[in-house]
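Residues per chain are reported as follows:
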Amino acid sequence: MGDHAHDSSDFLTDKSAKIFVAGHRGLVGSAIVRKLQSLGFTNLVLRSHSELDLTRQSDVDSFFAAEKPRFVILVAAKVGGIHANNTYPADFIAINLQIQTNNLRNEWYAIAKIAGIKMCQAYRIQYGWDAISGMPTNLYGPNDNFHPENSHVLPALMRRFHEAKVNKAKQVVVWGTGSPLREFLHVDDLADAVVFLMDKYSGLEHLNVGSGKEVTIKDLAELVKEVVGFEGDLLWDTSKPDGTPRKLMDSSKLLGLGWTPKISLKDGLFDTYKWYVENVVEQ
């Protein structure tokens, strides 16, 4: 039922090891694939949703029986912003529980999303499987979702400022006072942390993966405005709600192991905007 004697430190030593990255086309999965390829890993197993439906247990069982990957990095999920979560709550919990359950029944080693943390711990305790969990903070970067209704705050701001610039609008109105604090991590930093954990960590407790740096929504909006190059005014509609005042993760355990993020928020925003213009904006 898994390798009880597996040593996490051998992850980076065998670049030909078969690694299944579940969810390789998403924001996180695509970053992890880029990172693994840059490190010289040559045996990545990648399947699109049309090739492998992770919510179908029989299909997942057949896949694992045929491929027998040595490592599994599970970052597949149904995701969306506040609007999508509020509109389709049943879909979100049902689909994500199916994905994690079907894959955790077959894995040896995984970085699982938040909904799978307790399952990873249970399988480690009961079967001795080397399953670990990383919980990321708010992510952004290439392959993010820039949908006008279903995106998170950072890509939503970027899209709004870009469209305002293109349409030569005089102002952009943002909800709230801009006072809430938020933490952001570039997805390439998360990919770096995933590889670090695969190589260095084997434990029961999940590890938070964050930048450790907070920014107000006001300062974030001003920074996105600068990166995009919108020269109009930024107005705040203080009649609208602010949301949670503060969301900061404690990533001290991970930092204590020797990992630190490398991409500043400003550099990450420039990188993300470049990708957005080249891949999302209608030509």
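Structure's up top.
Residues numbered from 1 in each chain as written. Predicted model: local features only at pLDDT ≥ 70, side-chain atom pairs only at ≥ 80, totals over all residues. Heavy atoms only, no water.

Under the defined criterion, the tally for this structure stands at 13 salt bridges. A salt bridge links Asp188 to Arg34, with the nearest nitrogen and oxygen atoms 2.6 Å apart. Of this pair, Asp188 sits in helix 7 (residues 187-200) while Arg34 sits in helix 1 (residues 27-38), and the two are 154 residues apart along the sequence. For Arg34, a relative accessible area of 31% puts it in the partly exposed group. Between Glu163 and Arg159 there is a salt bridge, and its shortest N-O distance comes to 2.9 Å. Of this pair, Glu163 and Arg159 are both found in helix 6 (residues 153-166), four residues apart, which corresponds to roughly one turn of the helix. Via salt bridges that share partners, Lys18, Arg47 and Glu67 belong to a single interconnected network. (Salt bridge = Lys/Arg side-chain N within 4 Å of Asp/Glu carboxyl O. Helix = DSSP H or I, 4+ residues; strand = E, 2+ residues; numbered from the N terminus. Buried < 20%, exposed > 50% of the residue type's maximum accessible area, 1.4 Å probe, protein only.)

Next up on the list: helix 7. Look at helix 7: 20 Å from first C-alpha to last across 14 residues, which is about the 20 Å you get at 1.5 Å a residue. Summarising burial for helix 7: twelve of the 14 residues are buried, a large majority. Listing the buried residues of helix 7 in full gives Val187, Asp189, Leu190, Ala191, Asp192, Ala193, Val194, Val195, Phe196, Leu197, Met198 and Asp199. (Expected span 1.5 Å × (residues − 1).)

A few words now on the environment of Val195. Following the sequence through the fold, Val195 ends up in helix 7. Distance from Val195 to Ile73, taken between C-alpha atoms, is 9.7 Å for residues 122 residues apart in sequence. Those residues in contact with Val195, other than ones at most four positions away along the chain, are Phe11, Leu12, Lys35, Leu36 and Leu39. (Contact = heavy atoms within 4.5 Å.)

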